[in-house]
Amino acid sequence: MKKTPSCFWSYGPNVSFRRFLLPAKIVVILLFCSLAIPNLATAADYPAVEDQQVRITGTVTDATTGEAMPGVNIQVQGTSIGAITDIDGKYALENVDRGATLIFTFIGYDSQQVALGGRVVVDVSLVQEVTDLDEVVVVGYATQKRANVVGSVTSISGQSIQSIPSVSVSTAIAGRLPGSIVIQETGEPGNLGARILVRGRSTISRGERYANTGPLVIIDGVQGRSMDEIDPMDIASLSVLKDASAAIYGASAANGVILITTKSGAEGKPRLNYQFYQGFMTPTVVPETTNAAEYATMLSEYQVYQGKSRTYSDEDIAHFASGDDPWGHPNTDWYGDLIKNWTTTYRHNLTIDGGSKGMTYYVSLGLKGDESFYKQSTTSYKQYNVRAKINLPINSWLNTGLDIAGFLNNRIYPYKSADAIVGQSTRLLPTQWSFWPNGLPGPDIEYGDNPVVTSTFAGGKNDQKTYRMQSTFNFSITPPVIKGLAINGAFSFDLTNYYNKAFYKPWTLYFPDKNAPIDPATGYYPLYPSLRGLSSPENNERYDRTINQTGNVNVTYTKKFGDHNLNIYAGYEQYTNNYNRLVGYRKYYISDLIQTMDAGSDAEKNSSGYATIYARKSWIGRATYDYKGKYLAEILFRRDGSLKFPPESRWGNFPGFLVGWRASEEGFWKESLPFINYFKLRASYGKMGMDPGDPFQYMNKFGLSSGMVFGTGTSIETTVGPPSIANPNITWETQTTKNVGFDSKFLNDLFHLNFEYFYNIREDILFPRDATVPGFSGLSLPDENIARVDNQGFEIELGFHKTLGSDVRLDLSANFSHSRNKVVFMDEPEVLMPWQVREGRPYVLNNDNLMYKAIGIYADQADLDTYVHLPNAKPGDVIFEDVSGDGEITNDDRIFLDKFDMPENYYGITLDVGYKAFTLTVLVQGQGEFWKLNYYDNRRGEAGNYFKWHYDNRWTPDNIHTDVARAYNRDDLYWSNDVRRSTYWYDNFAFARLKNVVLTYNVPNRLYRSLGIQNANVYFSGNNLALLYSATKTYDPEVNNPGVYPAMRTFAVGANITF
Amino acid sequence: MKKITRCILSIAVLLFFATSCTDVLDQQAVDAFNQDVVFADINIVKAYIGKCYDRMGGNTNNGILGMREDLLSSATDQTLCIHRPANYVDLKGTMSPDQLGFYVNTGMGGYLRWTDLYANIQNLNTVIAGIDDVPVVTASEETLKARLKGEAYFIRAFMYSQLMFGHGGVVINKQPFGLQDDFSTLVRSSIEETKDAILEDIDEAITLLSGKTTDQGRATAGAAAALRSRVLLFCASKLTNGGYAAQATNPLVSFPAGSQTALLQAARDAAKGVMDGTYGTFSLAGSTADPVLPLTEAQVKSYAENYQKIFTQKGAWNSETIWGIQYPITGGNNNVCNRWNGPCGYHNWGNNNPTEPAVRSFEMADGTEFNWLAYNPGGDQFTARTATAAELAADPLKSPFNGREPRFYAIVLYHGAPWQARGDLPAYAETGHLYNNDGTLKSNGTDSRQGLIEAWNGTKTGYYLKKFMDPETAGQYYNNTNTWVEFRYAEILLNYAEACIELAVLGQAADLQNGLDALNLVRNRAGLPDRVTADPLVARDYLRHERAIEFFGEGHRWYDTRRWMIRDIVTTNVYGMKIKQYLNGNMEWKLDIEDKEDDRSWAGDHFYWLAIPRAEIQKAPQTIQNPGFN
């Protein structure tokens, strides 16, 4: 075997071994740091300290202006010794311990702690405190001070999410950004990116609820970079553009834009920072299924009721219940046998930055990972990342920069998907054996699906590696002749190589040999092994390569005329994306020791490939103007051309207009409304686009497809077609966005209140006319610019900030977002039933759009006689309402789900408390009414276990007044989800959860200063900690259905150390 | 000054960078051809027609033509689909324009799907309209072009015939549509016009394909002629000729009064043309000599194997196969018929179980009718048959599964029927249960619904369908590569026989014996003696019985029971056969009235035609619905 290189990102067994050790080691070291070292240090220092009291002098200056600062307060930490600077900024302190720490404080400036470290002269420059109005907000192609932002832009700093134990950024921002809905649909390692909806859904989507709803994500100005891979420690800030401010991203901006900016180095001596956490995860909600006796009871009920023969006798049920016959009558808890209670997640990050004379550097190394909760933690996700960002000024007018980031991701899965492992665990029969009483693995339900085995590597493994290199070179020319003018450019080359090796092999399950004599040792049949899953080892290898290139050149001009400020940006950008795939397949491997492609047999080998292209060209412009920071205006413009559309309709123009008025700066306001110390009124109007769907729909496209066998051999001839029909007029979707809002602060910043109202009109939505073009046309319909959806809503953000003395700081803020869409036009046939018309209703997606309205369960024959019913209905079945009132249940009675299949209301409440060295941050997050299927696969009954919620309240002759139907089998009954879709299977998944808690302790620096450590803190944090409220408790309200990998609750301990 | 020069230089470089790139927006699709490219190269047209074959039958995702997970046969009295029984809406009495289940289902095994059939017609219209302009140079390319056009005509005729068989007269269009076309004036043609449109395409296909050799699996003149025989027989039947009394004058579903004789003659002649060798040489596989009765066990086995091999053939087809579809072992469309239909104890999915009445309808080996009550006169179908080991030794026929005609052993896996080896477990279908001599249960059958392996896929009727399963394929792991035989010579013979016998029923007595002769060829090949009768109505019963058995599971039964309008009689509930095998060899076979596995009911004559899907009528309100549906 090849020796595993010991470089940082190798994937050898050594590393995976270290993966377990490293976090543990760090915890030990940390404890050592915080407890043992201080004790040692103080013990060693005491005698020296007694002898070495000295006089300390120095000067305090303003870091920006360099001017001396009088009146600065200096305190020796932990003592009553103190002083104030004189008019020249000078101070002197007597009898100070050599090892003491000085604290410099001045109103409006950040306080500073300085360890003497033996010095007697300590000069300090204080940095002006940045209020949130001075906070720099990243907007499209620019940054603005918060006070000057006129668009609807929310942002958070990277720091506020860095302690959240979640490997992906998208999940960590849930509840923190008003107007951004975050839904985490699965908890599977490697698949943790959450779905983000900015201001809900302004479109109609095909097939999938959230198709074409995601915001555009731009990282350091480049599209196509993943916000779930970026190391949270590298993030300086994250902004969300929600209104016309996104118009500068033109044709991709209609769903909102998320901008992430990574950190840069700061001038100064090299600074090293290390942060880590080690987390422990457990599922939030495990969907409960029936036990063996319950299952057998329920199935028998169904069989007897239907006149079928019973699978289990009363005697069997008694054995299942008593557990007296584990060989013949097991009672298996599949989920329990599959999972362990706790699994792990971790993250480590090391950064070094510094620089001088304008040359700065920032280097970051990161490692993060997640492991599955299967007993053998087969599924795992691990990422190594590195980033180097260098700013290289060449001379006074030319500055250059280089930013290179690398990501190595490794996702490992067993042969079976999470669906076939976790989902099937809810389906496997409790009357089957996960393991036989002697420990051998039991039989499958089909496909070799015995989750306790298929969750291991017994069936081989699927190893997915992504190698990503992102590089940007940029420059800025500031010609000395024209003050305020800059010419800037950036070129990014992002290369992703994806390599997937899936080597699978048959696995062994044990079946009873019922024809052999009973084994006297067990009193049951002897077992025989059987290979399941595959006939022989097989290998699937896939290489994908994606190249994204972005080039941008622009000119910026800044000019101040008296109180007038003008900023202009004009640029050109080009983006291309090329994707290629190559797949090879062989089977009949002699052994799984050699897994290369050539070791497989020639028989049945196969290969395939695929490619896509995309390109966009853009002209971009922005002009901002303000007068005294009081009257603000901004004009945005983008002209985009897309490869997807024909030359005539390829280009679209997308303007944005934004105005703001900082009314609180007006004299009259200061006089009459002094308690509102800050008030800014904002309004915006813009047009944005979207270009979803397949490219080249303007041509009759004949794709390649699976082949046919002709001739007497077995070779396959590639086939071409069927063609899609051309739409020569295809073009952009457009969205008109209007927004008004205000930002305000009351009582000298004690409270703040921000409010936004928006109205989006999405027109020319690309959708096929498949509801009105007859099937006999035979056309494979292209997208057409036909539909229109309006979406409106509001966001409120409310906060309270209070500092009590120097020790207690309190921040409480809450945000609430609401959005509701309405279909104004979409392709729909003429129908007579008004309840089947979609126009005018909120857009709700379900597979065939219409469903019966379930209004209860027939309690008894009297109910059957009362209600109109389908011919085969019996007591215990679901009552469908005769909506049309025509005396029979027909498809005319189907309605649109009159509920929201997307959260319309979404909120977060954050509490941030500081007490001395402790900081506690608590986030409660939730969503309002949200309807979705409370259902996972139809194979229940003879072919699968029942959910406990169904068992507990089901209709039986003894329990006739209930809202849960009788026992059923697969899709045998008329109300089955696969036969007649109805509201019966839909439930409200509103919830409120304790999302995150972070408790941080700043370890006093006297304990570690002798180690050269500047600052250290330790923290305990948690994610998805508790469901405070959940309208439906059968499974986690955020995940897709009870069969997916459940959401995880995480507890973590971490530390952050700066040298 | 120097600085300024440098600045200007830099800007110039930048502008060069911005403008000199080739236009990235002007690119060709990398994953698809456009129409001009396809029709510039005859080889791409060939690949394109390959896709049209793929779409015959309308479901590229799950088997094509008749071989799919849920068989068309399960829409008849022959088999029961255990996976999605509720989808067979015409058997369940639940069909409506909104509820077409199996006949529109986009999931597993949907059949006769309106939109998919039309989608392929659009594909074929496109190629037929464009192929003449495809440039060709060599003579062989010219021949290929003509042949491909003929193939396209054949497939289009096949698509329209499927539509007609399901719905009657349909919208006929032979030009490619565009997005901006007006569809609001297109209406359904009468069934007669539909038939004519189909026959016109068939004639074109025959003209273009006659005398040309082609790769096996592509259309031939023989295939087109066989389709003509099938189409004409359908049109000549009771259903479309006034049998449907209430709608006898509805041109969408009925031919003009008085057409039937001419249609029958045309059907007879169409079949005769194939029999005469006009479109290629075909013959029944195996011997058609009169069998010497009684058959030995080995002879029964030999006849059975000969018959079964028609459905398990791989490589070059035998002389009986006129046309079929072949399946690859990997890639392309996967046919996993062994997995779909095989016993659960083999880790297969046990679908499409033969029903008890269908199993009983197989004759005895000597050509006499099987009689369940042979040993229990006066009972009914639920009366148990029992036999002690000694009785069985003395009279093997006490077992209902002994002494049956050879095709029974090729088609049905019954309790005890040999099947693939599987380690220590029995190498036969074990659908019955083992009992101790004291009457207590010893163990449930490995392939029963109470077995220990994937019991939920166990048979509901007590039988599995063996016919299409390849004994050499381990269904749990492998795809099937045996051909689905869509047209075979036996169908031509029985089409001919039916046309002749029906003509005799209508008074053309001279045709009767021709019909019986063709029928007897099929019987003799199966190891059965001749049918002899002078009564056309008796001959009709013989013919109908023979079609049921000979084409068991192939789907013809769905068309036949509709054509003959006997679905009201044959649609009955399905019960499970319970078999007890005692350790001492005693046996009990009992159809269990306590075990009703499928509720079926016949809703009335209007169910003889499929409804036009509601969605289609909403999209094209000018479309007239089939009678009896709103």
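Going by the structure above, here's the rest.
Scope of this entry: the structure provided in the associated data block.

About the thresholds
Here the residue index of a chain counts from 1 through its sequence in written order. To label them, take the chains in the order written and letter them from A, then take the ligands in the order written and number them from 1. Only residues with pLDDT of at least 70 are given local features in this predicted model, and only at 80 or more are side-chain atom pairs given and counted; all residues enter the totals for whole chains, interfaces and linings. Derived side-chain values reflect all non-hydrogen atoms in the structure, with water molecules and hydrogen atoms excluded from consideration. Where helices and strands are cited, they refer to DSSP runs of H or I of at least four residues and of E of at least two residues respectively, numbered from the N terminus. Computation of the radius of gyration draws on C-alpha atoms alone. For the globule rule, the value is 2.2 Å times the number of residues to the power 0.38. A 1.4 Å probe rolled over the protein chains alone gives each residue an accessible area, and that area as a share of the maximum for its type sets the label: buried under 20%, exposed over 50%, partly exposed in between. When checking whether two residues touch, look at their non-hydrogen atoms; a contact exists if any pair is within 4.5 Å. Surface exposure here means Shrake-Rupley accessible area, sampled with a 1.4 Å probe, where a residue is shielded only by the protein chains that are shown. Here, a salt bridge means any Lys or Arg side-chain nitrogen found within 4 Å of an Asp or Glu carboxyl oxygen. Nonpolar cores were defined as sets of buried Ala, Val, Leu, Ile, Met, Phe, Trp, Tyr and Cys residues, with membership established by side-chain atoms within 4.5 Å. When DSSP locates at least two bridges between a pair of strands, those strands are taken to pair. Two parts placed together each lose some accessible area under a 1.4 Å probe, and adding up what both lose gives the buried area. We define a polar contact as two N or O atoms separated by no more than 3.5 Å, with the added condition that, inside protein, one atom must be a possible hydrogen donor and the other a possible acceptor, whereas residues neighbouring each other in sequence contribute only through side-chain atom pairs. In this count, Pro and Cys sit with the nonpolar residues alongside Ala, Val, Leu, Ile, Met, Phe, Trp and Tyr, while Asp, Glu, Lys and Arg are called charged and the others, Gly among them, polar. Here a patch means residues that are over 30% exposed by relative accessible area and free of salt bridges, tied together within 9 Å if like-charged and within 5 Å if nonpolar (Val, Leu, Ile, Met, Phe, Trp, Tyr). Note on geometry: axes are C-alpha line fits, over the in-contact stretch for helices, and angles between N-to-C directions span 0 to 180 degrees.

**Quick word on the overall build of chain A**
Part 1 of the reasoning: Regarding its fold elements, chain A presents 10 helices and 48 strands.
Part 2 of the reasoning: What you see for chain A is a C-alpha radius of gyration of 33 Å, in line with the 31 Å of a compact globule of 1059 residues.
Part 3 of the reasoning: Structurally, chain A occupies a C-alpha span of about 100 × 75 × 65 Å along its principal axes.
Part 4 of the reasoning: For chain A, the residues scored as buried account for 57% of the 1059 residues in total.
Part 5 of the reasoning: Sequence separation of 24 or more characterises 69% of the internal contacts of chain A that already satisfy a separation of 6 or more.
Part 6 of the reasoning: When the accessible area of chain A is evaluated, it comes to approximately 41600 Å², of which 57% is carbon and sulfur surface.

**A closer look at the overall build of chain B**
Part 1 of the reasoning: A count of helical and extended segments in chain B gives 20 helices and 12 strands.
Part 2 of the reasoning: The C-alpha atoms of chain B give 28 Å as radius of gyration, which agrees with the globular expectation for 630 residues (25 Å, within 12%).
Part 3 of the reasoning: Across the 630 residues in chain B, those meeting the buried criterion constitute 64%.
Part 4 of the reasoning: Counted over contacts in chain B with a minimum sequence separation of 6, partners at least 24 positions apart contribute 71%.
Part 5 of the reasoning: Here chain B has roughly 21300 Å² of accessible surface; of this, 53% comes from carbon and sulfur atoms.

**Examining the pattern of salt bridges**
Part 1 of the reasoning: For the coordinates displayed, the defined rule picks out 98 salt bridges over all chains.
Part 2 of the reasoning: Residue Arg387(A) is joined to Asp234(A) by a salt bridge in which the shortest nitrogen-to-oxygen separation is 3.3 Å. On the criterion of sequence distance, the pair formed by Arg387(A) in strand 20 (residues 380-393) and Asp234(A) in the loop between strand 14 (222-223) and strand 15 (235-241) is long-range, its members being 153 residues apart.
Part 3 of the reasoning: Judged by its relative accessible area of 2%, Asp234(A) falls in the buried class.
Part 4 of the reasoning: For Arg113(B), the salt bridge identified is with Asp116(B), shortest N-O distance 2.8 Å.
Part 5 of the reasoning: For Arg113(B), a relative accessible area of 9% gives the class buried.
Part 6 of the reasoning: Among the charged side chains, a network of salt bridges with common partners joins Glu320(B), Glu363(B), Glu405(B), Arg407(B), Lys467(B), Arg488(B), Arg523(B), Arg525(B), Arg531(B), Glu546(B), Glu550(B) and Glu554(B).

**Comments concerning the nonpolar core**
Part 1 of the reasoning: Core analysis: the largest hydrophobic core is formed by 186 residues, its most contacted members being Val45(B) and Phe154(B).
Part 2 of the reasoning: Looking at which element gives the most residues to this core, the answer is helix 6 (residues 139-167) of chain B, with 13 residues.
Part 3 of the reasoning: Excluding anything up to four places from it in sequence, Val45(B) contacts Val38(B), Phe39(B), Val127(B), Ile131(B), Val134(B) and Leu148(B).
Part 4 of the reasoning: Formed by 47 residues, the second largest nonpolar core is a distinct cluster that contains Ala296(A), Trp334(A), Leu870(A) and Ile879(A).

**Remarks on the pairing of strand 24 (residues 507-512) of chain A**
Residues and elements named next belong to chain A.
Part 1 of the reasoning: Taken across its six residues, strand 24 has five buried, putting it largely inside the fold.
Part 2 of the reasoning: Direction of pairing for strand 24 relative to strand 25 (residues 527-532): antiparallel, over a ladder of six bridges. In the strand pairing of strand 25, Thr508 is matched with Leu531.

**Considering the sheet that holds strand 14 of chain A**
All names here are of chain A.
Part 1 of the reasoning: Taken together, the five strands give an open sheet; going across it, the order is 10-15-16-13-14, and neighbouring strands pair in mixed fashion. What marks the edges here is a single partner per strand, and that holds for strand 10 (153-157) and strand 14.
Part 2 of the reasoning: The sheet contact formed by strand 15 and strand 16 (residues 257-262) spans six bridges and is antiparallel. Considered in strand 16, the bridge of Ser239 is made with Leu259.

**A look at the interface of chain B and chain A**
Part 1 of the reasoning: Taken together, the contacts link 104 residues of chain B with 109 residues of chain A.
Part 2 of the reasoning: In total, chain B and chain A occlude about 8800 Å² of area from one another, counting both sides; carbon and sulfur atoms represent 59% of this.
Part 3 of the reasoning: For chain B, the biggest contributors to the area lost against chain A are Leu25(B), Leu179(B) and Trp456(B); these three give 10% of the whole.
Part 4 of the reasoning: Linking chain B with chain A are eight salt bridges, by the criterion used here.
Part 5 of the reasoning: Taking the shortest distance from any N to any O, the salt bridge between Asp26(B) and Arg650(A) comes out at 3.0 Å.
Part 6 of the reasoning: Our enumeration of links across chain B and chain A arrives at 33 residue pairs in polar contact (both at pLDDT 80 or more).
Part 7 of the reasoning: Every element with two or more residues in the side of chain B that touches chain A is listed here: helix 1 (2-20), strand 1 (32-34), helix 2 (35-38), helix 3 (42-54), helix 5 (114-130), strand 8 (441-443), strand 12 (587-598) and helix 20 (614-619) of chain B.
Part 8 of the reasoning: Considering every element that reaches the side of chain B that touches chain A, the biggest residue donor is helix 1 of chain B, with nine residues.
Part 9 of the reasoning: Broken down by class, the residue content of the side of chain B that touches chain A amounts to 46 nonpolar, 31 polar and 27 charged.
Part 10 of the reasoning: Bridge count between strand 32 (residues 701-709) of chain A and strand 1 of chain B: three bridges; the pairing is antiparallel. In the strand pairing of strand 1 of chain B, Gly703(A) is matched with Ala32(B).

**Considerations on a nonpolar patch on the surface**
Residues and elements named next belong to chain A.
Part 1 of the reasoning: Together, Met359, Ile390, Leu392, Ile394, Leu402, Ile404, Met469 and Phe473 make up an exposed nonpolar region whose accessible area comes to about 620 Å².
Part 2 of the reasoning: Secondary structure elements with two or more residues in the nonpolar patch: strand 20, strand 21 (398-414) and strand 22 (460-477).
Part 3 of the reasoning: Mapped onto the elements, Leu402 comes out in strand 21.

**Considering the environment of Ile635(A)**
Part 1 of the reasoning: As for its placement among the helices and strands, Ile635(A) is situated in strand 29 (residues 631-642).
Part 2 of the reasoning: Considered as a pair, Ile635(A) and Tyr498(A) are 137 residues apart in the sequence and their alpha carbons are 41 Å apart.

**A few points about the sheet that holds strand 8 of chain B**
All names here are of chain B.
Part 1 of the reasoning: Here we have five strands laid out as an open sheet, ordered 5-12-11-7-8, and mixed in their pairing. A single partner strand is all that each edge strand has here, and the edge strands are strand 5 (385-387) and strand 8. Direction aside, neighbouring strands of the sheet carry axes that sit 35 degrees apart on average.
Part 2 of the reasoning: Relative to strand 11 (residues 574-582), strand 7 (residues 433-435) runs parallel, the two sharing three bridges. Bridging from a neighbouring strand, Tyr435 pairs with Tyr582 of strand 11.

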